[in-house]
Amino acid sequence: MAEDKQIMQARRVVLTGGSSGIGAQTCRAFLDAGYEVINVSRRAAPFDDRRLRSVTVDLGDARATREAFLRLADEFPATTLVHCAGAVRERPVDEATLEDLDALTNLHVAASLSLVQANLSAMKAA
């Protein structure tokens with residue numbers, strides 16, 4: 001029970017894509033709001049804060065992503081999740097590959113599912 005209370009009291013967000021663009025600005029907004037922020041992306045966030053932790057993983061790699069999220073959820077359970085990571089692979093249709101489709105599906109769909117599944121017990125407890 002004490003762990004459940006700790007989870008509910010933690011103001012922690014796991015956020016993907018915090019190394020640039022909208023994701024980086026979202027990191028800053030959560031930090032400004034007093035959250036502990038765990039950024040998961042290919043590169044670390046471009047700024048430092050004592051409440052910011054960056055974990056590097058290629059979110060296009062479904063297995064590595066799932067493993068990273070499970071490890072994080074075990075050590076730093078979160079009830080606030082934000083999936084900002086995104087990419088496009090602009091190519092004419094006749095040049096697009098199944099590898100492109102797999103990587104984008106892993107990044108946009110599988111990563112968000114793995115993020116939620118890894119933190120689902122903390123979310124239910126809260």
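Residues numbered from 1 in each chain as written. Predicted model: local features only at pLDDT ≥ 70, side-chain atom pairs only at ≥ 80, totals over all residues. Heavy atoms only, no water.

Draft legend 1. Expanded view of the nonpolar core. One finds Val14, Ile38, Val40, Leu59, Phe69 and Leu72 to be the most contacted residues of the largest nonpolar core, which totals 17 residues. Ignoring anything within four residues of it in the chain, the contact list for Val40 reads Val14, Leu15, Thr16, Gly17, Val55, Val57, Leu59, Phe69 and Leu72. Counting residues in hydrophobic clusters, the runner-up holds 12 residues, among them Leu31, Val37, Ala45 and Leu52. (Core = buried A, V, L, I, M, F, W, Y, C linked by side-chain atoms within 4.5 Å. Buried < 20%, exposed > 50% of the residue type's maximum accessible area, 1.4 Å probe, protein only. Contact = heavy atoms within 4.5 Å.)

Draft legend 2. Structural view of the environment of Leu31. On the secondary structure map, Leu31 appears in helix 2 (residues 21-32). Separated by 19 residues in the primary sequence, Leu31 and Arg50 place their C-alpha atoms 9.6 Å from one another. (Helix = DSSP H or I, 4+ residues; strand = E, 2+ residues; numbered from the N terminus.)

Draft legend 3. Quick peek at helix 4 (residues 98-125). With 28 residues, helix 4 should reach 40 Å at 1.5 Å per residue; the first-to-last C-alpha distance of 39 Å fits that figure. Along helix 4, the helix axis deviates most sharply at Asn119, where the bend reaches about 55°. Regarding helix 4, the residues found buried are Asp100, Ala103, Leu107, Ala111, Ser114, Leu115, Ala118, Asn119 and Ala122. (Expected span 1.5 Å × (residues − 1). Bend = angle between axes of the 7 residues up to and from the residue.)

Draft legend 4. The arrangement of the pairing of strand 4 (residues 80-83) in detail. Every second residue of strand 4 is oriented toward a common face, the buried set being Thr80 and Val82 and the non-buried set Leu81 and His83. Pairing of strand 1 (residues 12-16) with strand 4 involves 4 bridges; the strand directions are parallel. Along strand 4, the bridge assignment pairs Val14 with Leu81. (Pairing = 2+ DSSP bridges.)

Draft legend 5. Broad picture of the pairing of strand 1. With 5 of 5 residues buried, strand 1 is to be regarded as a mostly interior element. The alternating pattern of strand 1 places Arg12, Val14 and Thr16 and Val13 and Leu15 on opposite faces, both of which are buried. Relative to strand 2 (residues 36-41), strand 1 runs parallel, the two sharing 5 bridges. Paired with Arg12 across the strands is Glu36, a residue of strand 2. In this view, the connection linking strand 1 to its parallel neighbour strand 2 by way of helix 2 has right-handed handedness. (Right-handed = clockwise from strand over helix to strand, strands pointing away.)

Draft legend 6. Quick peek at a nonpolar patch on the surface. Where nonpolar side chains cluster on the molecular surface, the patch consists of Val116, Leu120 and Met123 and spans about 200 Å² of accessible area. Tracing the sequence through the fold places Met123 in helix 4. (Patch = residues over 30% accessible without salt bridge, like charges linked within 9 Å, V, L, I, M, F, W, Y side chains within 5 Å. Areas by Shrake-Rupley, 256 points an atom, 1.4 Å probe, with all protein chains shown as cover. Salt bridge = Lys/Arg side-chain N within 4 Å of Asp/Glu carboxyl O.)

Draft legend 7. Structural view of the packing of helix 3 (residues 62-75) against helix 4. Two elements in contact, helix 3 and helix 4, have axes whose closest approach is 9 Å; the angle formed by their N-to-C orientations is 25°. Considering their axes alone, helix 3 and helix 4 lie roughly parallel with respect to each other. In the crossing of helix 3 with helix 4, the sense of the turn from one axis to the other is right-handed. For the pair formed by helix 3 and helix 4, the contact residues are Ala62, Thr65, Arg66, Phe69, Leu70 and Ala73 on the first element and Asn106, Ala111, Ser114, Leu115, Gln117, Ala118 and Asn119 on the second. (Axes fitted to C-alpha atoms, helices over the stretch in contact; angles between N-to-C directions. Parallel < 35°, antiparallel > 145°, perpendicular 65-115°, else oblique. Left-handed = near helix turned anticlockwise from the far one by under 90°.)

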